[in-house]
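Chain by chain, the residues run as shown.
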Protein chains: 2
Amino acid sequence: MTLSRRRFLHLAGAGAAGVTVSGSLAGCSDDSHAAPQDDVVPFHGAHQAGITTAAQDRLHFAAFDVTTGSRDELVALLKSWTAAAAAMTAGHDVGEFGAMDGPYVAPPEDTGEAYGLRPARLTITFGFGPGLFEDDDGNDRFGLADRRPAALVALPHFAGDNLDDARSGGDLCVQACSDDPQVAVHAIRNLARIGFGTAAVRWSQLGFGRTSSTSDTQATPRNLFGFKDGTSNVKAEQTEQLNQFVWVAAGDDSAADWLDGGSYLVARRINMHIETWDRTSLQEQEAIIGRDNKEGAPLSGGAEFTTPDFERSGAGDQPIIATTAHLRVAHPAQNNGSHILRRGYNFTDGSNGLGNLDAGLFFLAYTRDPLRHFVPLQTNLARHDALNEYIQHTGSAVFAIPAGVAEGGYVGSALFT
Amino acid sequence: MTLSRRRFLHLAGAGAAGVTVSGSLAGCSDDSHAAPQDDVVPFHGAHQAGITTAAQDRLHFAAFDVTTGSRDELVALLKSWTAAAAAMTAGHDVGEFGAMDGPYVAPPEDTGEAYGLRPARLTITFGFGPGLFEDDDGNDRFGLADRRPAALVALPHFAGDNLDDARSGGDLCVQACSDDPQVAVHAIRNLARIGFGTAAVRWSQLGFGRTSSTSDTQATPRNLFGFKDGTSNVKAEQTEQLNQFVWVAAGDDSAADWLDGGSYLVARRINMHIETWDRTSLQEQEAIIGRDNKEGAPLSGGAEFTTPDFERSGAGDQPIIATTAHLRVAHPAQNNGSHILRRGYNFTDGSNGLGNLDAGLFFLAYTRDPLRHFVPLQTNLARHDALNEYIQHTGSAVFAIPAGVAEGGYVGSALFT
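For clarity, every value in this text was computed on a predicted model and none was experimentally measured.

About the criteria used
Residues numbered from 1 in each chain as written. Chains lettered and ligands numbered in written order. Predicted model: local features only at pLDDT ≥ 70, side-chain atom pairs only at ≥ 80, totals over all residues. Helix = DSSP H or I, 4+ residues; strand = E, 2+ residues; numbered from the N terminus. Buried ≥ 20, exposed ≤ 12 C-beta atoms within 10 Å, placed from the backbone. Contact = placed C-beta atoms within 7 Å. Pairing = 2+ DSSP bridges. Axes fitted to C-alpha atoms, helices over the stretch in contact; angles between N-to-C directions. Parallel < 35°, antiparallel > 145°, perpendicular 65-115°, else oblique. Left-handed = near helix turned anticlockwise from the far one by under 90°. Nonpolar A, V, L, I, M, F, W, Y, C, P; charged D, E, K, R; others polar. Expected span 1.5 Å × (residues − 1). Arc of directions from axis to C-beta.

### Points about the overall build of chain A
Then, number 1: On a plain count of helices and strands, chain A comes out with eight helices and eleven strands.
Then, number 2: Every one of the 417 residues in chain A was classed for burial, and the buried ones make up 54%.
Then, number 3: Sequence-distant contacts, at least 24 apart, represent 73% of the contacts inside chain A between residues at least 6 apart.

Structure, rendered in C-alpha cells:
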C-alpha cells in the first residue's frame, strides 16, 4: 500500500493479462496491433487535444459554474486541472496514494475506478464560457471583461429552440473523450473533485458512438436516425480547412490576442423523436436527409463522397435533392462555403416518462468564429431543414477554447497574463 | 437499395476495413484475435444467454408496461421479440429493408444505427414481472394468476430505501448487454418499437463498466467507489453453485412448473454519494469495505481471493474486518451460505442538479429464489452495512426469467401452454 499508484499499465506493460482493451479502428483490427503508446494522445502541443484527434468512441462532457470570486483561486484551479489532465491522459492517476499526509489518513488523491485501465486515447479539452468574463448582471468577476473575445456571446434564439437552462451555459467546460467510458467518467469526476469549493458541475452529458469522423482513417458512423452523419466533416488531415475554419488566428476580428491558436466550441443537445422517425417510410426518410440510407450517397447519384448535384431534377422538374433536405440546407455550398469541425456523440438518457427514449445527438462543433460560421448555418437549418419535424434543441452552450499548453504551462495562461 | 440488409459483417467478413471493433478481454489482446464467431453469443439454449455469459462491458436495460389487455397480443409480442432477439444477437437486422410492402413505401423494419457494427457479444434476456400475473387491483389480466411463481412478489421495503416509482417495477424486462453500447441501445430501441401498441417502456437504464465478473476468464472490475467488486461472485464455471443458487429446478417451493430451468432477476438502482465518499480517508474507506483498495485483499490478510478471516482480531481485541464492514455483512458465511450471481453495471446519468454526479451501481442479480437468498441478504445489508452512509437505493424490480428458448420456440412459451 505504500507503492506508487502509477498504473498497472506502466508496471506490467500493456500486454499484461487481465487488462481490458477497448479497441478502435486503428487499435484492434486483424492486421494491426495497438502498441501501448497508441493508447496515449499527447496532452501538450500547439492546440489542445480532443479537437482534431481522431474521434474516440465515448464522451463525458461537463459544464461548470465558477463558485469562487477570487481570480487567484480560478488560476489555481486551472493549474491543478492542467496537471491532473496531463497525468490522466498519460495513463497516470491524478496523485499519489494518500501522500499528502502520509499513507492512509487522507482521502486518496485519485478516486481509483480507473486503476488498472488503459487510458484508451483519453483527451481532456478545456473551454471558457461567456460568464467567466461577465456575469448575468454585467459584473466583471475576475477582471477579464475587456479580454472577452468578440464572438464569445450567448447564441441567439433559433426557431424551434426549447432550451432547458439546466442543460445550457456554463463558465467552464471540460470535454473528456476516450474509447473507454469508465476512463472518461473517471476524468470528469476527478476534475470535479479537484474543483470542489471553486467550481461546481452545472450540467453534464455522456455520449457514445461518435457521430462524426474527424480523420480520414475513420469510417463515417451512423446517428440514431440510422443514417451516416458527417460525411463532409472537416478532417484532421485537411490542414488548410483547419486553418481557415477551426483555428483562431491573431488578428481575427472575432477573437482576442490570448485566443490565438485556439478555437470556439458550440455544444447543442438535440433530442431526436426517434419513435416518430421510426414510423416514417424509408422514402420519406431519405428525402428528408437527402442521402440514401445504406451507402450514404447523395440522392443525386454516386457514392458516399460524391459531391451532391443540387441542380439535378427528377420527375415533374422537381430537384432530386429537395429544397428542404438536410443535406442541402446544411451543405457548405448553401452557407457561403462555411465548414465546421463536428465532433458530436449519440446519447440515450433513459426514458422521458412518456414511454419514449430520451435520446438524440449531442452536437459538438469547433469553429474559428461561431458568429460567422455557426449562427448563419443554424439559422438556415432552423428555418428550412425538413428534419426539424423530428428533432428539438434542448440545450445550448458556447465556449472559447484556448490554444494548447506547453510543458510547464497551464491551460488558458495567456488570458491571465 | 434492393439488397438484403444482412449486415456488412456477413457480406464482407469481420476483418473488413472500416469496421470499428470494440475489443474485450477475450477479443482483443496482443496474443489472441477475435474470430468473427467470437462476437456472437448463441441465443438458443437450455438457459437464456446473458446470465452466465462472461459479462459484457455495456448494458441497456428496459422495463415495460404491457398496454394491451389481450393475451393473444401478448403472446404475439413475445414471438416477435424472440425472432428479433435471435436475429440481432446473430448479427442480423430485425427485418428486411421495407420488405413488407415492397421497397421504399414502408418504414424500414430495422432502425439502422447498428448497420455495419459487429454484434460484440450481444445478449438479450427477457423476464416477467409480478404485474403480468395480477395487476395492482388484483385483476387477472391474462389468465395467468394461478401460474404466478410463489417467489415472484414485490420486494419488501428495506431500511433506507428511497424508491422512485418511475424507476421501479414493470410487467416485462429486457436486458441487452454488448461490448458496444450502440448495439445494446439499438436492440432495446427496436424491441420497444416492435412493442408499440402492446407494451411501452416504463423505465430504462444504461450501464457501463460491468461491476462483476461472471467468469473465471475475467479480472474483477472496480465500482465507482474505486474498489474491486464481486470477488466472490458465482461464476459461469461453477456448475454446482449455479444449480444450487441460480437455476430454478422442478419442484422448487418458490417456483412454478413453467419456470423450470429459469431464474429470478433482482434489479436495484443504487445511487452512490461519490463526492462524500471521495472526502473520506483511505483508512476509513478500507475499513468500510473490509478490503484494501489496491489489491482487493481482505483486511485480515492474503490476496484478493484469500478467504476472509472474520475471527482475526487486531488492536484492542477488535476484529480486523469490522462487524459492519461490507465484506462481512454481505459474505455468504454471514448469510446462511447464500450465494447470488451478480451482473451489475456502473452508471452515470449526468448531474443531479446539486452539482453532484447522479451515479452509482445498477445492481442486477440472478437467483434461484429471491425470498430465500436475496431478501435476507438485503435485510442484513440494509441494517448493518457501514456502506449505507454512502449509498441509497432509488429503484427496485423483480422478474421471473424463463428458461432458454429452443429453435422455433419463443421465450416464456411454457407459461402460455
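### So, the pairing of strand E3 (residues 58-66) of chain B
On any regular strand, side chains alternate: one points to one face of the sheet, the next to the other face.
Residue and element names in this part refer to chain B.
Then, number 1: Counted residue by residue, E3 has eight buried out of nine residues, so it is predominantly covered.
Then, number 2: As judged from the seven bridges shared by E3 and strand E5 (residues 172-178), these two strands associate in the antiparallel manner. In the strand pairing of E5, Phe61 is matched with Gln175.
Then, number 3: One ladder, built from nine bridges, connects E3 with strand E6 (residues 199-210); its direction is antiparallel. Its bridge partner being in E6, Ala63 is matched across the sheet by Trp203.

### Side note on the pairing of strand E6 (residues 199-210) of chain A
Residue and element names in this part refer to chain A.
Then, number 1: Of all twelve residues making up E6, eleven are buried, and the element is well covered by its neighbours.
Then, number 2: In the sheet, E6 pairs with strand E9 (residues 345-351) via two bridges, with the strands oriented antiparallel. Each bridged residue has a counterpart across the sheet, and for Arg210 the counterpart in E9 is Tyr345.

### Quick look at the packing of helix H2 (residues 71-89) of chain B against helix H3 (residues 181-194) of chain B
Residues and elements named next belong to chain B.
Then, number 1: Running from amino to carboxyl end, H2 crosses H3 at an angle of 155°, the nearest separation of the two axes being 10 Å. With respect to H3, the element H2 is oriented roughly antiparallel. When the axes of H2 and H3 are compared, the crossing they make is right-handed. Counted together, Ser80, Trp81, Ala84 and Met88 of H2 and Ala187, Asn190, Leu191 and Ile194 of H3 form the full contact between these two elements.
Then, number 2: Per-class residue counts for the contact of H2 with H3 are six nonpolar, two polar and no charged.

### Remarks on the environment of Asp140 of chain A
Then, number 1: By secondary structure assignment, the location of Asp140 of chain A is in the loop between strand E4 (123-128) and strand E5 (172-178).
Then, number 2: Excluding residues within four positions of it along the chain, Asp140 of chain A makes contact with Glu134 and Ala145 of chain A.

### Quick look at H3 of chain B
Then, number 1: Compared with the 20 Å implied by 1.5 Å per residue over 14 residues, the 20 Å span of H3 of chain B between its first and last C-alpha is a close match.
Then, number 2: Considered for burial, the residues of H3 of chain B that qualify are Pro181, Gln182, Val183, Ala184, Val185, His186, Ala187, Ile188, Arg189, Asn190, Leu191 and Ala192 of chain B.

### So, the environment of Pro376 of chain A
Residue and element names in this part refer to chain A.
Then, number 1: Structurally, the position occupied by Pro376 is in helix H8 (residues 370-384).
Then, number 2: Classification of Pro376 as partly exposed rests on a count of 13 C-beta atoms within 10 Å.
Then, number 3: Taking C-alpha positions, Pro376 is 9.3 Å from Ser338, a pair spaced 38 residues apart along the chain.

### Observations regarding unusual backbone geometry
Residues and elements named next belong to chain A.
Then, number 1: Residue Arg121 is not a glycine yet carries a positive backbone phi of 60°.
Then, number 2: Along the polypeptide, Arg121 turns up in the loop between helix H2 (71-89) and E4.
Then, number 3: Positive phi, close to 55°, is recorded for Asn336, a residue that is not glycine.

### Some details on helix H6 (residues 282-289) of chain B
Note: α-helices contain 3.6 residues per turn, so residues at a spacing of three or four share the same orientation.
All names here are of chain B.
Then, number 1: Leu282, Gln285, Ile288 and Ile289 are the residues of H6 that are buried. Burial along H6 is one-sided: seen end-on, the buried residues are contained in an arc of 125°.
Then, number 2: Buried positions along H6 lie against helix H7 (326-330).
Then, number 3: With its phi angle positive at about 95°, Gly290 sits one or two positions after the end of H6.

### What about the environment of Arg121 of chain A?
Residues and elements named next belong to chain A.
Then, number 1: A count of 27 C-beta atoms within 10 Å places Arg121 in the buried class.
Then, number 2: Residues Arg121 and Asp57, 64 residues apart in the sequence, show an inter-C-alpha distance of 9.7 Å.
Then, number 3: Aside from chain neighbours lying at most four places away, what touches Arg121 is Asp39, Val41, Gln56, Ser178 and Asp179.

Keep in mind these values describe shape, not function.
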